Amino acid sequence: MKNVLIVGIGTGNPEHITIQAVNALNRADVLFVPTKGEAKAQLADIRRDIVSRYVTRPQSRVVEFAVPVRQTAERSYHQSVDQWHAAIAEAYQRLLLEELKDAETGAFLVWGDPMLYDSTIRIIERVRALETVPFDYSVIPGITSIQALAASHRIPLNLVGKPVEITTGRRLAESFPEKTGTAVVMLDGEQAFMKIEDPDARIYWGAYLGTAQEIVMSGRLADVKDEILKTRAEARARHGWIMDIYLLQKGRDFEE
Ligand SMILES: C[S@@+](CC[C@H](N)C(=O)[O-])C[C@H]1O[C@@H](n2cnc3c(N)ncnc32)[C@H](O)[C@@H]1O
């Protein structure tokens, strides 16, 4: 039986990696590194850096593979994601069939933690359901971009005794500030914070967290949102890509 490790590697700082993850990478015969695209190129470099820093097992092999691109034309969001996952499952199936010998272990280096806005686990389950390559798998947790954001801003995530909603730019309007007093927003291609008008809202924003390019900004949303928008656009133009996340909050500790 082949074995797969889904290893969370943190979000840019090679020191995010846990000792459990280092030990898992050193159990692997093959380390799978996704490539392609400008963002992916830098993220692939970070993965290569992690492998060269921590993997001491001389016989392990690095296999780079191109991740299929999501097609969006003439289909709903759900269809688009479903078809994309099916294409990635095919790519994974090929890797497991062609690159892993029987009884060998392969590791997928997953950005952040595999449970947070990442589909590696569900895609690996899809590959299992195809029943073409028998394998078992385990998951090793990693530092998420939410943790990196809170640490860089030196803030706790929640107000005392209060809940937190984790959402996307597409769905922010449904939650903050009516439904929740604290929202973490990820995968925001539309800068949804610009549409929030609440005068009491605060924002804690971070881009390229954990990397040498890290930028963080915070303040009353109404005061800083234009500056964040400008900084984001300039950084994106400079680097050719951006990955950002933010926390929106209103209210204070011990307030009802
Ligand atoms: C596909 S999700 C993956 C999240 C990842 N599994 C995690 O644990 O953070 C990608 C989103 O995570 C956030 N993200 C990941 N890494 C980041 C970083 N280094 N700096 C800022 N945001 C990051 C961004 O919101 C980005 O759009």
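Residues numbered from 1 in each chain as written. Predicted model: local features only at pLDDT ≥ 70, side-chain atom pairs only at ≥ 80, totals over all residues. Heavy atoms only, no water.

**Comments concerning helix α4 (residues 120–130)**
What counts, and what does not: Exposure is judged per residue with a 1.4 Å probe applied to protein chains only, and the accessible area is read against the type maximum: over 50% gives exposed, under 20% gives buried, and values in between give partly exposed. For helices the rule is a DSSP run of H or I covering at least 4 residues; for strands it is a run of E covering at least 2, with both sets numbered from the N terminus onward. Here the arc refers to the directions that run from the helix axis out to each C-beta atom. Every residue pair with non-hydrogen atoms within 4.5 Å of one another is taken to be in contact.
For α4, every residue scored as buried is listed here: Thr120, Ile123, Ile124 and Val127. End-on view of α4: buried residues confined to an arc of 100°, all on one side of the axis. The outward face of α4, more than 90 degrees from its buried face, is lined by the exposed residues Arg122 and Ala129. Turning to α4, the residues buried within the fold contact β1 (2–8), α3 (77–98), β4 (105–110) and β5 (135–140). After α4 finishes, the residue Glu131 shows a positive phi value of roughly 55°.

**Let's talk about the pairing of strand β10 (residues 244–249)**
The condition that has to hold: Pairing between strands is defined by DSSP: at least two bridges between them are needed.
A large share of β10 lies buried, amounting to six of its six residues. Going residue by residue along β10, you find Asp244, Tyr246 and Leu248 tucked away on one face and Ile245, Leu247 and Gln249 tucked away on the opposite face as well. As paired elements, strand β7 (residues 182–186) and β10 share four bridges and run antiparallel to each other. Counted as the bridge partner of Ala183 is Leu248 from β10. Examined bridge by bridge, strand β8 (residues 202–207) and β10 share six bridges and lie antiparallel to one another. The residue bridging Tyr204 from the neighbouring strand is Leu247, located in β10.

**Topic: the site of the ligand**
To keep it simple, the criterion reads: Definition of nearness: a residue and a molecule or strand are near each other if at least one heavy atom of the residue lies within 4 Å of the molecule or strand. Whenever two N or O atoms come within 3.5 Å, that pair is a polar contact, provided that in protein one can donate a hydrogen and the other can accept it, and provided that, for residues adjacent in sequence, both atoms are side-chain atoms. For every accessible area listed, the method is Shrake-Rupley and the probe measures 1.4 Å; residues are considered covered only by the protein chains on display. Gly is placed with the polar residues, together with every amino acid not listed as nonpolar (Ala, Val, Leu, Ile, Met, Phe, Trp, Tyr, Cys and Pro) or charged (Asp, Glu, Lys and Arg). For the domains described, the bounds stem from an automatic or database domain assignment.
In the neighbourhood of the ligand, 16 residues make up the surrounding shell, with Trp111, Asp113, Leu116, Ser145 and Asp244 lying closest. For the ligand, an oxygen atom lies 2.6 Å from a polar atom in the side chain of Ser145. With respect to the ligand, the backbone of Asp244 contributes an N or O atom lying 2.6 Å from an oxygen atom. Protein contact buries 90% of the 570 Å² of open area that the ligand shows by itself. When grouped by side-chain class, the residues that make up the shell around the ligand number nine nonpolar, five polar and two charged. The two domains that each donate at least three residues to the shell around the ligand are domain 1 (2–143) and domain 2 (146–249).

**Digging into the side chain of Arg202**
Applied cut-off: Lys and Arg are tallied as positive, Asp and Glu as negative. Neither His nor the chain termini are counted. Any carboxyl oxygen of Asp or Glu within 4 Å of a side-chain nitrogen of Lys or Arg constitutes a salt bridge here.
Relative to the helices and strands, Arg202 resides in strand β8. Glu255 provides the closest opposite charge to the buried, salt-bridge-free Arg202, at an N-O distance of 7.2 Å. Side chain to side chain, Arg202 and Tyr204 meet in a polar contact 3.5 Å long. A polar contact of 3.0 Å, which involves the side chain of Arg202, links it to the backbone oxygen of Gly251. If sequence neighbours within four positions are ignored, Arg202 has contacts with Leu159, Gly219, Arg220, Leu221, Leu247, Leu248, Gln249, Lys250, Gly251 and Arg252.

**Points about the domain arrangement of the protein**
Selection rule: Buried area: the sum, over both parts, of the accessible surface (1.4 Å probe) that disappears when the two are put together.
In terms of domain boundaries, the protein breaks down into domain 1 (2–143) and domain 2 (146–249). Summarising the inter-unit geometry, the C-alpha centres of domain 1 and domain 2 are found 27 Å apart. Taken together, the 15 residues of domain 1 in the interface contact 17 residues of domain 2. Across the domain 1 to domain 2 interface the summed buried area is about 1,200 Å²; carbon plus sulfur atoms make up 64%. Run the count over domain 1 and domain 2 and you get zero salt bridges. Connecting domain 1 to domain 2 are three residue pairs in polar contact (both at pLDDT 80 or more). For the side of domain 1 that touches domain 2, the element with the highest residue contribution is helix α2 (residues 38–54), accounting for five residues. Within the side of domain 1 that touches domain 2, the residues separate by chemical class into eight nonpolar, six polar and one charged.

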